Each structure stands twice: as C-alpha cells, then as structure tokens.
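Residue-level listing of the chains:
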Amino acid sequence: MRMRVWGSALVLLFAAGSVGLGSVALAASSSLPEAVTLSAGWQLQDAAKVTQTGDAIASAKFKPQGWYSATVPGTVLTSLVNAGVYREPLYGENSRPDKIPDSLARTPYWYRTVFEVPKTYAGRHVWLNLEGINFSAQVWVNGTQVGTMKGAFKRGIFDISPAVKPGKQAVLAVLVSPQPHPGVPHEHTIRDGVGTNGGITAIDGPTFLSTIGWDWIPAMRDRDTGIWQKVFLSASGPVVIKDPLVTTDLPLPKTDTADVSVQARVENVTDAPQKGVLKGSFGDVTFEQSVEVAAHSSQMVTVDPKNTPAMHVEHPKLWWPNGYGPQNLYKLHLSFEVDGKASDDKDVSFGVRKFTYAVPDSENLTISVNGVRVFIRGGTGVWMKR
C-alpha cells in the first residue's frame, strides 16, 4: 500500500495483478485466462548440499533426493519447522542458537516445484510473478535462467513464454540467498540483558531491524530468508498494465465532491507498435483513453478531472478511521483492449480520504482526516525515540 499525505490526497494501492487464492481476483467480466497460484509441490534444500547448477535443477530430469517439503509463501525457517527439522521458535526458548543455528541467516537455499501451464494461455504471453523474495534470487524455468531479483520488497515479473508450452508441465527453480548483512545477534539473558536493540541488518532495509532481535523478540535465525510472498502465473496479450495508482483529493472543508486521478503505465512487449484503449470503471464512473505504444516501450497514462470530467465525483463515499465512520472502499477495474480484445487488466481498491497534519489554532502535531481531528492511539518506543 502506498500513501501520500501532508495535506494532499490519499493514495491507496493494493498489489494489483491478481492471483487466485487469497489475492486480488480478476474481474468476472474479463476475457483473460485466470491467474494460477503456485503454492503446492514446493521442495527446499540447502544449496551447499546440491552439486547441480540451476539449469540442471530446473530440468524435468532432475530428481530431488532428501529435499524438504517447502511452505510457499513462507520463510526458510517456516519450511524447516513445518518439516520437523526444528521446533516452533516462538515457543519457550526454542529460538536459542543451540536449538536453531544462526547459520541459517548465511545459507542460500534452493526452492523447486513442478507446475502445469494452463491450456488457456495458448497464444498469449505467459508471466511468472514473484511478489516477494528475501533477499535475492536467481530464477530458472525449464533449464533457462529467466531473471534475477534483489531486495526483499521488490517484485519479480518475468515473461517465460519462450521457456514453456501451454498444456505442458514446467519446472521452476529459485536459488534464494539471505540478506548480505545478517549481523550477530545479542542473546537475551538475565545476566546480559537485552543488549542493543536492532543492529546492522537495517542496512538492508528498515524492516529487518527486528529480525536480529529487540527487547521484545529474540533473533529470527534465518532473518526471514525465503519466498515470503505469493508466486503465480498470469497471461496477457501484447500490452500489459503496470503499477496502477489512484489518488484522491477533497476540497476541504467541503467533502461533497472529490477529484479522482488514475495513473498507470502501459507497456508494449512486442516487436510491433500497438494501438488500443485503456478502459476503467469504479462506482458509477467509467472512462476510456486511446493509447498508441511503440514496440518494446511503455507510456504513462493519466486520467483525471482535467481530461475526464467524470473523475470529479459528486457525493463520494468517504473512508474514515475506526470509530469515526465506515471504511468505504471503491474498486477500480482497469483493462487494456487491442482490437476489441482484452490484453491485460488490473483491479485496485482505494478509499477517498484526506489527511492534514496541522490546524491554525494549534502548535502541536494535530492530525485530521477529512477535516475532522482524530485522536491517535498506540505507538512504540522505537518511533517515540526518533
């Protein structure tokens, strides 16, 4: 979710891209084939125990011996706990390094699964979507390296059309490596105390700060290494929609209208220029915009009240904090059509609200939502010390 504040518009963006079980679903009216989640049949092994290279591991001839059943999405430690290698680390003192070794945070692991590409993907681009791997990865499909990833919060989206055939099985192998700065955790004891909270892990991203341990949590021995977000297949035509973004603005103190803006990048993944129409709808609003995209290029498309009067919404249903009103959400459906056929589509849920952080009669930090002051409850020592 992405948010813009400081007295301007709210931006609410949920990962669009759709994945069957548990993620954003494709609209029922879409003519595109359904996305397929790859959550079953995964296996896992310490890379040091595997002598073969990625092209061989991602081959149908490769027969895993002694590999563990893997949980995807999940961390390496999740899989090893579920496989019975280690006990539940959140119980008692099971997370001590004499029970779960800290070397997990320095160990690359291979993940592998076999899947079938739906027959309905024939004649379309086939995409492999990895929504989150910690921390870096090499990705192989049917003996071919299709891409790499680096960064725990980066998405990997790879066109695997040349490597697979609809209606046939394929092999996916992912070599996952831990963050480069796992650090050395301080072990909490009565004698030694909690030590210094956090540590060098934050170099790789602020959310790693607690994986090395804090005053309320011991170190996570794998530092959350693994395929921790969903993996799924999707299909598209020649043009795809990327990173849709919705922003809203209210003319405070009035809230009887809202200006809604939609921004999305459309990318042509073919060798020829493509003409098409970006269409969208939410609530009672519909819009469309003709777009021409050169071969292997992309174009940012913006739809707002300046070029589409319907984006000036009368009597919007506002999103309110808990206790101040309902959490109304709109569902935006975007599609890109080429020659009248859907090439790609995305669904985005968004709320209409506006944050402001000051009022004229107060020198203190005062937070308002939709022009109404709200009382902020909760907080942690980490943020209060900053």
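Look up a bit, the structure's there.
**Focus: the overall build of the chain**
In step 1: The helix and strand tally for the chain stands at three helices and 25 strands.
In step 2: Of all 386 residues assigned to the chain, the portion counted as buried reaches 48%.
In step 3: In the chain, of all internal contacts separated by at least 6 residues, the share reaching a separation of at least 24 is 68%.
In step 4: Accessible area for the chain stands at about 19,800 Å²; split by element, carbon and sulfur atoms hold 53% of it.

**A few points about the nonpolar core**
In step 1: Membership of the largest hydrophobic core comes to 40 residues, with the highest contact counts inside it found for Tyr111, Leu128, Leu172 and Val174.
In step 2: Among the secondary structure elements, those contributing two or more residues to this core are helix 2 (76-82), strand 6 (109-116), strand 7 (125-130), strand 9 (136-141), strand 12 (169-177) and strand 14 (231-236).
In step 3: Those residues within four positions of Val174 in sequence are excluded, and the remaining contacts are Tyr109, Trp110, Tyr111, Leu130, Ile133, Ala137, Gln138, Val139 and Ile227.
In step 4: Formed by 29 residues, the second largest nonpolar core is a distinct cluster that contains Leu250, Val285, Phe336 and Val338.

**Structural notes on the side chain of His125**
In step 1: Position of His125 relative to the elements: it lies in strand 7.
In step 2: Within the structure, the side chain of His125 is placed 2.9 Å from the side chain of Asp159, a separation counted as a polar contact.
In step 3: Residue contacts for His125: discarding those within four places in its chain leaves Asp159, Ser161, Ser234, Ala235, Ser236, Gly237, Pro238, Val269 and Thr270.

**With respect to the environment of Asp304**
In step 1: If you trace the backbone, Asp304 turns up in the loop between strand 19 (298-303) and strand 20 (312-314).
In step 2: Judged by its relative accessible area of 15%, Asp304 falls in the buried class.
In step 3: A sequence separation of 41 residues divides Asp304 from Gln263, and the C-alpha atoms of the two residues are 8.5 Å apart.
In step 4: If we skip the residues at most four places from it in the chain, Asp304 touches Val260, Ser261 and Met311.
In step 5: Polar contacts involving the side chain of Asp304 include one to the main-chain amide nitrogen of Lys306, which spans 3.0 Å.

**Structural notes on the sheet that holds strand 22 (residues 341-350)**
In step 1: Spatial strand order, 18-17-21-22: four strands in an open sheet with antiparallel pairing. Bordering the open sheet on either side are strand 18 (285-293) and strand 22, each of which pairs with just one other strand. Strand-to-strand twist in this sheet, taken as the mean axis angle between neighbours without regard to direction, amounts to 15°.
In step 2: As judged from the nine bridges shared by strand 21 (residues 330-338) and strand 22, these two strands associate in the antiparallel manner. Following the sheet pairing, Val338 is matched in strand 22 by Lys341.

**Brief notes about the sheet that holds strand 24 (residues 368-369)**
In step 1: Taken together, the three strands give an open sheet; going across it, the order is 23-24-25, and neighbouring strands pair in antiparallel fashion. Edge strands, defined here as strands with exactly one partner in the open sheet, are strand 23 (355-356) and strand 25 (372-373).
In step 2: Judged from the two bridges that link them, strand 24 and strand 25 form a sheet pairing that is antiparallel. Within the sheet, the bridge partner assigned to Ser368 lies in strand 25 and is Arg373.

**Digging into the pairing of strand 14**
In step 1: Most of strand 14 is tucked away, with six of its six residues classed as buried.
In step 2: As paired strands, strand 2 (residues 36-37) and strand 14 are joined by two bridges and run antiparallel to one another. In the strand pairing of strand 14, Thr37 is matched with Phe232.
In step 3: Where strand 7 meets strand 14, six bridges bridge the pair, whose relative direction is antiparallel. Among the inter-strand pairings, Asn129 is bridged to a residue of strand 14, identified as Phe232.

**Observations concerning the pattern of salt bridges**
In step 1: For the coordinates displayed, the defined rule picks out eleven salt bridges.
In step 2: Of the charged contacts, one joins Asp344 and Lys346 as a salt bridge, the two residues approaching to 3.0 Å between their closest N and O atoms. Comparing Asp344 with Lys346 shows no difference in burial state: the two are buried.
In step 3: Taken together, the salt bridges that share partners define one network made up of Asp102, Arg106, Glu187, Arg221 and Arg223.

**Observations regarding the environment of Asn307**
In step 1: One can find Asn307 in the loop between strand 19 and strand 20.
In step 2: Taking the C-alpha atoms as reference points, Asn307 and Gln289, 18 residues apart in sequence, are found 9.7 Å from one another.
In step 3: Side-chain polar atoms of Asn307 contact the backbone nitrogen of Asp304, separated by 3.1 Å.

**Regarding a nonpolar patch on the surface**
In step 1: A cluster of nonpolar side chains, namely Tyr324, Val372 and Phe375, defines an oily patch on the protein surface of about 300 Å² accessible area.
In step 2: Inspection of the secondary structure assignment puts Val372 in strand 25.
In step 3: Relative accessible area serves as the criterion here: at 35%, Val372 is assigned to the partly exposed category.

**Focus on the packing of aromatic side chains**
In step 1: Applying the stated criterion across every chain yields a total of nine aromatic pairs.
In step 2: Ring geometry for Phe62 and Trp67: centres 5.8 Å apart, planes at 65°, overall edge-to-face.
In step 3: Residue classification places Phe62 among the buried positions, given a relative accessible area of 9%.
In step 4: Given the relative accessible area of 12%, Trp67 is considered buried.

Cut-off values and rules
- Residues numbered from 1 in each chain as written.
- Predicted model: local features only at pLDDT ≥ 70, side-chain atom pairs only at ≥ 80, totals over all residues.
- Heavy atoms only, no water.
- Helix = DSSP H or I, 4+ residues; strand = E, 2+ residues; numbered from the N terminus.
- Buried < 20%, exposed > 50% of the residue type's maximum accessible area, 1.4 Å probe, protein only.
- Contact = heavy atoms within 4.5 Å.
- Areas by Shrake-Rupley, 256 points an atom, 1.4 Å probe, with all protein chains shown as cover.
- Core = buried A, V, L, I, M, F, W, Y, C linked by side-chain atoms within 4.5 Å.
- Polar contact = N/O pair within 3.5 Å; in protein donor to acceptor, adjacent residues only side chain to side chain.
- Pairing = 2+ DSSP bridges.
- Axes fitted to C-alpha atoms, helices over the stretch in contact; angles between N-to-C directions.
- Salt bridge = Lys/Arg side-chain N within 4 Å of Asp/Glu carboxyl O.
- Patch = residues over 30% accessible without salt bridge, like charges linked within 9 Å, V, L, I, M, F, W, Y side chains within 5 Å.
- Phe/Tyr/Trp six-rings, centres within 6.5 Å; stacked < 30°, edge-to-face > 60°.

By themselves, these observations are geometric and do not establish any function.
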